[in-house]
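Summary of the model geometry
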Amino acid sequence: MKKYNINHLRELESESIFIMREVAAQFERPALLFSGGKDSIVMVHLARKAFWPSKIPFPLVHIDTGHNFDETITFRDNLVEKIGAQLIVGSVQESIDKGKVVEEKGYNASRNLLQTVTLLDTIEEYKIDAALGGGRRDEEKARAKERFFSHRDEFGQWDPKNQRPELWNIFNGRKFMGEHFRVFPLSNWTEMDIWQYIYLEDIEIPSLYFTHIRKVFYRDGVWLADAPFLFKKDSEKVVTKKVRCRTIGDISCTGVTLSTADNLEDIIREIAATRVTERGGRADDKRSESAMEDRKKEGYF
């Protein structure tokens with residue numbers, strides 16, 4: 001890896017660590033949102049560096065849709081045990097059982113949108129006043145509007161037109177009772193930065209990110225992993241392909257990529273050559289032009 005890339009990554013690392021320490025200093029009950037994906041894994045790695053030799057001073061929060069990849073849950077549990085972190089799990093299935101949300105029906109049904117209610121309930125239950133997330137501005141146009149410290153009102157909602165200025169690395173974490181913040185230490189990172197940092201730091205990631213053989217089917221320009229709870233049309237035939245994930249989420253909306261990249265060097269080369277965005281394979285982002293922004297306004301990650 002070229003020297004100038006390493007210097008760039010160290011600057012990003014320093015910025016993210018500074019923001020995490022600001023969160024620990026300004027808030028009483030922060031938490032780190034953990035999906036089991038590469039960005040949240042990098043967040044955990046940075047948090048360990050920020051507070052070493054102490055343990056991470058806040059819990060990890062995973063909103064479990066019940067439709068996760070098995071590899072994600074296994075990786076999550078192993079990581080939590082390895083670093084001795086506290087894990088809080090919010091269950092979408094529990095929200096469904098309590099009648100707080102209604103499960104979608106049909107071929108394009110997904111539990112991804114239902115996570116919002118479960119997340120807000122979890123934040124309220126544990127009195128979380130700052131939720132650190134792994135969102136990056138390069139991912140999607142709605143996320144490009146976010147500040148590092150993103151204020152949420154007492155209903156967990158976000159107003160993109162009414163955000164606080166952030167000048168000279170001064171972050172305003174003041175809030176009223178019931179309000180909270182989402183904080184995005186990786187805002188200035190790109191997908192390539194994440195992969196190069198994982199390579200530089202030799203960070204362990206789930207096997208889903210490397211090429212593996214999986215049963216998949218093709219829908220609306222996206223390859224989706226087959227699962228028992230997914231309804232398929234007669235025209236959607238399940239085939240076996242060599243694939244990998246670029247982003248990890250609910251199986252119902254996480255597209256997989258046809259790939260032969262089975263190591264980090266190959267992944268970095270693949271990302272450098274692709275013209276498809278990281279979230280180009282996320283079916284939930286295709287529901288409307290403003291799908292992500294609408295979900296974020298309601299309290300999504």
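Anyway, here's the lowdown on the structure attached to this text. (Residues numbered from 1 in each chain as written. Predicted model: local features only at pLDDT ≥ 70, side-chain atom pairs only at ≥ 80, totals over all residues. Heavy atoms only, no water.)

Re the nonpolar core
L32, V42, F149 and W195 are the most contacted members of the largest nonpolar core, which totals 61 residues. Ranked by residues supplied to this core, first place goes to helix 2 (residues 38-51) with 8 residues. Not counting the four nearest positions on each side in its chain, L32 is found in contact with S40, M43, V44, A47, F58, P59, L60, V61 and L132. (Core = buried A, V, L, I, M, F, W, Y, C linked by side-chain atoms within 4.5 Å. Buried < 20%, exposed > 50% of the residue type's maximum accessible area, 1.4 Å probe, protein only. Helix = DSSP H or I, 4+ residues; strand = E, 2+ residues; numbered from the N terminus. Contact = heavy atoms within 4.5 Å.)

Observations concerning the environment of Q93
Take Q93: it is sitting in helix 4 (residues 92-97). Its relative accessible area of 31% is what places Q93 among the partly exposed residues. With 22 residues separating them in the primary sequence, Q93 and Q115 have C-alpha atoms 9.7 Å apart.

Some thoughts on the packing of aromatic side chains
Summed over all chains, the structure comprises 10 aromatic pairs. Arranged with centres 5.6 Å apart and planes meeting at 55°, the rings of F27 and F181 form a pair that is tilted. You can see F27 sitting in the loop between helix 1 (3-26) and strand 1 (30-33) and its partner F181 sitting in strand 6 (residues 180-183), a full 154 residues away along the chain. Across the ring face of F148, the terminal group of R137 is positioned such that the distance to the ring centre comes to 4.9 Å. Its end group placed over the ring of F217, K232 keeps NZ or CZ at 5.6 Å from the ring centre. (Phe/Tyr/Trp six-rings, centres within 6.5 Å; stacked < 30°, edge-to-face > 60°. Lys NZ or Arg CZ within 6 Å of the ring centre and 35° of its normal.)

What about the pairing of strand 8 (residues 222-225)?
Burial along strand 8 is two-sided: the face carrying V222 and L224 and the face carrying W223 and A225 are both buried. With 4 bridges joining them, strand 7 (residues 212-219) and strand 8 adopt antiparallel strand pairing. Bridge pairing links V216 to A225 in strand 8. From the end of strand 7 to the start of strand 8, which pair antiparallel, there are 2 residues, and D220 there has a positive phi angle of about 50°. Alignment of strand 8 against strand 10 (residues 255-258), held across 2 bridges, turns out to be antiparallel. Paired with W223 across the strands is V256, a residue of strand 10. (Pairing = 2+ DSSP bridges.)

Here we look at the packing of helix 6 (residues 191-201) against helix 7 (residues 264-273)
Angle between the axes and distance between the axes: these two values describe a pair of packed helices. The interhelical angle for the contact between helix 6 and helix 7, taken along N-to-C directions, is 165°, at an axis separation of 10 Å. Between helix 6 and helix 7, the angle falls in the class roughly antiparallel. Crossing of helix 6 over helix 7 shows left-handed handedness. Where helix 6 approaches helix 7, its residues E191, M192, W195, Q196, I198 and Y199 are matched on the opposing element by L264, E265, I267, I268, I271 and A272. In terms of residue class, the contact of helix 6 with helix 7 is made up of 9 nonpolar, 1 polar and 2 charged. (Axes fitted to C-alpha atoms, helices over the stretch in contact; angles between N-to-C directions. Parallel < 35°, antiparallel > 145°, perpendicular 65-115°, else oblique. Left-handed = near helix turned anticlockwise from the far one by under 90°. Nonpolar A, V, L, I, M, F, W, Y, C, P; charged D, E, K, R; others polar.)

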